Amino acid sequence: MPRKVDYGFRYEDDNYDVYEDYDYDYADDYDYEEEENGIAPVTKAKQEASRTGVWRCPICTYDNENSMSACDICGVLRNPLVKVNNKGDTAAAAFKFDAPSPDDLVSNGLRSVKSKSKDSRGRGTNFLVESELAANGLVSSSTSVTRERHNGVEENDSTSGSGNKPETFNTRMDTESLPSKSGKARSIIERKTESISQYIPEKWMTPNNKDDGLSQLNLAIVGHVDSGKSTLSGRMLHLLGRISQKEMHKYEKEAKQQGKGSFAFAWALDESAEERERGITMTVGVAFFTSRKYHVVLLDSPGHRDFVPNMISGATQADAAILVVDASMGSFEAGIDAIGGQTREHAQLIRSFGVDQIIIVVNKMDVVEYSKERFDVIKQKLGTFLRSCGFKDSSILWIPASAMENQNLVANPSEARLSWFKGPSLLDAIDSLQLPERDYSKPLLMPICDVIKSQSQGQVTACGKLESGAIRTGSKVLVMPSGITATARSLERDSQLCNIARAGDNVTVNLQGIEGNQVTAGGVICHPDYPVQVTNRLQLKILVLDISTPIVMGSQLEFHIHHAKEAARIVKILSLLDPKTGNTTKKSPRCLLAKQNAIVEVVLQGPVCVEEYSSCRALGRVFLRSSGRTIALGIVTQVIKREE
Ligand code: GTP
Ligand code: MG
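Per-chain numbering applies: the sequence of each chain, read as written, is numbered from 1 onward. Here chains are named by letter from A upward and ligands by number from 1 upward, in the order in which they appear as written. The predicted origin of the model limits local features to residues at a pLDDT of at least 70 and limits the giving and counting of side-chain atom pairs to 80 or more, whereas totals for whole chains, interfaces and linings rest on all residues. Excluded from the side-chain calculations are hydrogens and water; all other atoms, namely the structure's heavy atoms, are used.

Quick word on helix H8 (residues 229–239)
In step 1: Most of H8 sits inside the fold, with ten of its eleven residues counted as buried.
In step 2: To sort residues, take the accessible area from a 1.4 Å probe on protein chains only and compare it with the maximum for the residue type: under 20% means buried, over 50% means exposed, and anything in between is partly exposed. For helices the rule is a DSSP run of H or I covering at least 4 residues; for strands it is a run of E covering at least 2, with both sets numbered from the N terminus onward. Every buried residue of H8 is listed here: Lys229, Ser230, Thr231, Leu232, Ser233, Gly234, Arg235, Met236, Leu237 and His238.
In step 3: Positive phi shows up at glycine 241, right after H8, with a value of about 80°.

In C-alpha cells form, the structure reads like this:
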C-alpha cells in the first residue's frame, strides 16, 4: 500500500480528513505491484485457484477440495447450472437467493455468547445464483446459520440474517403501525424526525453514577488468524475467575484428547465442534469480566479471512479494541502482509467503526525469548501502519505478552527476560481506556446482533448493544423492520437480570408480544415514536480501498451495515471527491479506482435498517466487500425512498 494519502472522510465528524495521515506508501500495494509487473491480480487469483486438489470459491475465497460441488463455507455452487431460476429470469436472478432455512440459535450459558452468522456453511440453503453472478462477488447473508445455546438450554428454530423477505416487510410497512403522511413515500417509515431534536429523555434514562456501578466497555479482540486472540481471552477469563478451575481442567482434558492441547484456553471461546476441530474461531465469542474500572464485554473475533463478515458484525459494537499480533518470526510479517494479512484489514475496519483507542498485544513473546529488539521492530512497523489508518500515537498502547505463559496479562511480568518492559499489564491498560461518549439524550436504538428463540417457552430474546437511548423492564419498543411493537419483559447483562440498560450497554432483551419470525438479526429495536429508517436504496460517501478491478455501475457487492448484510448493486456513481477538501472533482465518473473518494448510490437486495451517519454513526457506517475482501468503507449520506 503506498504511503501518506488522506483517507478521505472523517468518521468522527463526517468531515473530510479523518485518515489524513493514511499512509498508502507504508507497504507495497500488491495490486499495483502486480499490475506494474504486468500480472493482473485476477491472473494471480486464478493461479491460486488452480492449486492441485482444490478449487477456490469466487465468493469467500475458501479453498475447497475438488470433490466438493459447492463451497464448504458459503455454499456457492462450484459450477452452478445456468439459470437455476426456473422462470429463466436472468435479471431477477441477480438478486435472488432462497431465504435461509431457519437458524437454530442457541446462546451460550457460560459468559460467552456466540455472535450470529455462525458457521456459514449454507446448510439448507439453496442458491439460485449463476456462476457469473457469483464471480461478480454477489453474496447474500442468507448463507449464514447461527447455532447458539442460551442458559445452557438448547434452543432452536430461530432466524438470523437480514431482511430476506421484502414482501412481508412491504405489507407491514403499509398496513401496520407505520403511519404515512400524505405526499410522503410510504415505503420509508414515517418518522417524527422533526421532533427528534425535541426528544427529552426521561429521568431514569440518564445514568446516575452513584447507583449504577461500573460502566460497560465493549472491547473487540481482533487480529490475524492464530495470533492468540481466543487463548488470550480464555486466559484472561480464567485469571479473573470467570472460568473455574474445574471448567479449565475439562477444556484441557478434551483439547488434549483431540490432539489440540495448546488450544485449551481458546476452547472457552471456540465452542463449536467445527471451531475446535479446525482450531480457528469462526464466529465472534462474547464474554464478560470485571476490571477495577469496567464491566468488560470481550468480543473475540475470528481472524481467518473467510470470517471477516462475522468479525465486522461483532466488532462493530466495540468502544475500544485489542489488536493481537503474533511476535514469532514470519507470523507478524504474514499478518501485516498486504495480500492475506488480517492485521491490516482488521485495523482498518476497527478504525472505520469509529474506534480510536487500541491496545496492541504483541503476543507469543515466549517464542522470541521475550526479545526487546523483536518487540521494537514490530512496534515500529505496525505503528507506522496504524498511524496511516488514523490512530493517534497517544491512543495506542503497546503490551508485550505471552498468553500461553501468562506474562503481563493481569499483573506485571514475572519473567526476567521481560524485565525491560516498564509499562502496564494488559488489565491495567484496559483500565486506562476511556469510555466513548454515549448518546443518552437520543431515543432508543439497539441494532440486533443475535436472536434467540425458545420454542418450548415461546420466548424471543434479542441481543445487542444499545447505540442510543435506554430501555427498562416493561418498556414498549418497536422492532424493525417488522414494525411490530413489543414489550421488554426482562433484560440481562452478563447473564444477570437487570432493570435498565442504557447507551453503550450490551444486553439481551426478552421480548413479549412478538413472534420469533418478526425479530431478525440485522434489525433494530427502537423507541415506538422514533422508528429507524428502512430502505433498500442509499446514497453513500465511500473511500475505495486497494482494489484491482474498478467499481463500475452495476458492480455487485456485499453490503454490511451494523449487523445486517445484503447483496448490493452500484446503480449510480455520482461524483468523485477531492480527498482533502471533500469537494466534487468530477461528476458521473465511469468507474472508481483504488483510493478514490466518491458519492455513489446503491440498491440492496433487501431492506435494511439505517440512519444517516450524521444522525447515528453506528447505523450509518457501511462496508462494501467483494470476493472475500473489503473494497470500500463508507458512510450513509442519504436514505433514499425505498425501491419497490
Ligand atoms: P483465530 O481465532 O482462528 O483467528 O485464532 P486465534 O487468534 O484466536 O488464536 P488461538 O488463540 O486459537 O491460538 C492459536 C495458537 O497459538 C494455539 O495453538 C495457541 O496455543 C497458540 N498461542 C496462543 N498464545 C500463545 C502464546 O502466548 N505463546 C505461544 N507459544 N503460543 C500461543
Ligand atoms: Mg480465536
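The rest of the description comes next.
So, the environment of valine 519
In step 1: Mapped onto the secondary structure, valine 519 falls in the loop between strand S20 (506–512) and strand S21 (524–526).
In step 2: Take valine 519: its relative accessible area is 0%, and that puts it in the buried class.
In step 3: Residues valine 519 and lysine 453 lie 66 residues apart in sequence; the distance between their C-alpha atoms is 9.6 Å.

Let's talk about the packing of helix H13 (residues 342–352) against helix H14 (residues 372–388)
In step 1: Between N-to-C directions, angles cover 0 to 180 degrees, with each direction set by a line fitted to C-alpha atoms, over the stretch in contact for helices. It is at 10 Å that the axes of H13 and H14 come closest, and there the two elements cross at 35°. Crossing hand, H13 versus H14: right-handed. Counting all contacts with H13, which are made through Thr343, Arg344, Ala347 and Gln348, the residues of H14 involved are Leu382, Phe385 and Leu386.
In step 2: Per-class residue counts for the contact of H13 with H14 are four nonpolar, two polar and one charged. Crossing handedness: left-handed means the near helix sits turned counterclockwise from the far one by under a right angle, and right-handed means the same turn made clockwise. Here, two residues are considered to be in contact whenever any of their heavy atoms come within 4.5 Å of each other. Under the convention adopted here, Pro, Cys and the residues Ala, Val, Leu, Ile, Met, Phe, Trp and Tyr are nonpolar, Asp, Glu, Lys and Arg are charged, and Gly plus all remaining residues are polar.

Quick word on the pattern of salt bridges
Between side chains of opposite charge, pairing is possible as soon as their charged atoms come close.
In step 1: By definition here, a salt bridge exists when the distance from a side-chain nitrogen of Lys or Arg to a carboxyl oxygen of Asp or Glu is within 4 Å. Scanning all chains against the criterion turns up 22 salt bridges.
In step 2: For the salt bridge of glutamate 274 with arginine 278, the shortest nitrogen-to-oxygen distance reads 3.5 Å. In this pair, glutamate 274 and arginine 278 both sit in helix H10 (residues 273–278), four residues apart, roughly one turn of the helix.
In step 3: Between glutamate 369 and arginine 417 there is a salt bridge, with the nearest N and O atoms lying 2.6 Å from each other. Of this pair, glutamate 369 sits in the loop between strand S10 (358–363) and H14 while arginine 417 sits in the loop between strand S11 (396–400) and helix H15 (426–431), and the two are 48 residues apart along the sequence.
In step 4: Owing to a relative accessible area of 37%, arginine 417 belongs among the partly exposed residues under this scheme.
In step 5: Within the structure, one salt-bridge network assembled from shared partners comprises Asp319, Arg438, Lys465 and Glu467.

What about the site of ligand 1?
In step 1: Nearness of a residue to a molecule or strand requires only that one of the residue's heavy atoms be within 4 Å of it. Taken together, 22 residues sit near ligand 1, with Lys229, Thr231, Ser262, Thr281 and Met404 positioned nearest.
In step 2: Under the rule applied, a polar contact is a pair of N or O atoms within 3.5 Å (in protein, one hydrogen donor and one hydrogen acceptor; residues adjacent in sequence only if both atoms are side-chain atoms). Serine 262 places a main-chain nitrogen or oxygen 2.6 Å from an oxygen atom of ligand 1.
In step 3: Alanine 403 places a polar main-chain atom, nitrogen or oxygen, 3.0 Å from an oxygen atom of ligand 1.
In step 4: Surface exposure here means Shrake-Rupley accessible area, sampled with a 1.4 Å probe, where a residue is shielded only by the protein chains that are shown. Relative to its unbound accessible surface of 650 Å², ligand 1 loses 92% to contact with the protein.
In step 5: Broken down by element, the residue count for the shell around ligand 1 peaks at three residues, all from H8.

Side note on the confidence of the model for the protein chain
In step 1: Scored by pLDDT, the protein chain has a mean of 75; 69% of the residues are at 70 or more.
In step 2: Each residue carries a pLDDT score, the predictor's confidence in it, ranging from 0 to 100. With pLDDT under 50 throughout, residues 1–51 is counted as low confidence; its partners more than four residues away or in other chains account for 157 contacts.
In step 3: For the stretch residues 80–189, pLDDT sits under 50, and the model shows 300 contacts to residues farther than four places along the chain or on other chains.

Focus on the pairing of strand S9 (residues 320–326)
In step 1: Where burial is concerned, most of S9 is hidden: seven out of the seven residues are buried.
In step 2: Going residue by residue along S9, you find Ala320, Ile322, Val324 and Asp326 tucked away on one face and Ala321, Leu323 and Val325 tucked away on the opposite face as well.
In step 3: Where strand S6 (residues 215–222) lies against S9, four bridges are found, and the strand directions are parallel. Each residue of the ladder has a partner; that of isoleucine 221, found in S9, is isoleucine 322. Two strands make a pair as long as DSSP finds a minimum of two bridges between them.

Observations regarding unusual backbone geometry
In step 1: Residue methionine 480 is joined to proline 481 through a cis peptide bond whose omega torsion reads 10°.
In step 2: Inspection of the secondary structure puts proline 481 in the loop between strand S16 (476–480) and strand S17 (484–493).
In step 3: Even without being glycine, aspartate 226 reaches a positive phi, approximately 70°.
In step 4: With respect to the helices, strands and loops of the structure, aspartate 226 is situated in the loop between S6 and H8.
In step 5: Its relative accessible area of 45% is what places aspartate 226 among the partly exposed residues.
In step 6: The residue serine 495 is not glycine, and still its phi comes out positive at about 60°.

Side note on the packing of aromatic side chains
In step 1: Here is the rule: rings of Phe, Tyr and Trp (six-membered ring for Trp) pair when centre to centre is within 6.5 Å. Planes less than 30 degrees apart are stacked, more than 60 are edge-to-face, and the remainder are tilted. Using the criterion set out here, one finds five aromatic pairs in the structure.
In step 2: When the ring of phenylalanine 353 is compared with that of phenylalanine 623, the centres are 5.0 Å apart and the planes differ by 90°; the resulting orientation is edge-to-face. Taken together, the residues phenylalanine 353 in the loop between H13 and S10 and phenylalanine 623 in strand S29 (residues 621–626) connect sequence positions 270 residues apart. The burial state of phenylalanine 353 is the same as that of phenylalanine 623; both residues are buried.
In step 3: Centre to centre, the rings of tryptophan 420 and phenylalanine 421 are 6.1 Å apart; their planes meet at 85°, and the pair counts as edge-to-face.
In step 4: The class for phenylalanine 421 is buried, based on a relative accessible area of 14%.
In step 5: An aromatic cluster of three or more residues is present, and its members are Phe375, Trp420 and Phe421.
In step 6: Its end group placed over the ring of phenylalanine 391, arginine 351 keeps NZ or CZ at 5.7 Å from the ring centre. A positively charged side chain is recorded as over a ring if its NZ (Lys) or CZ (Arg) lies within 6 Å of the ring centre. The angle to the ring normal must also be within 35 degrees.

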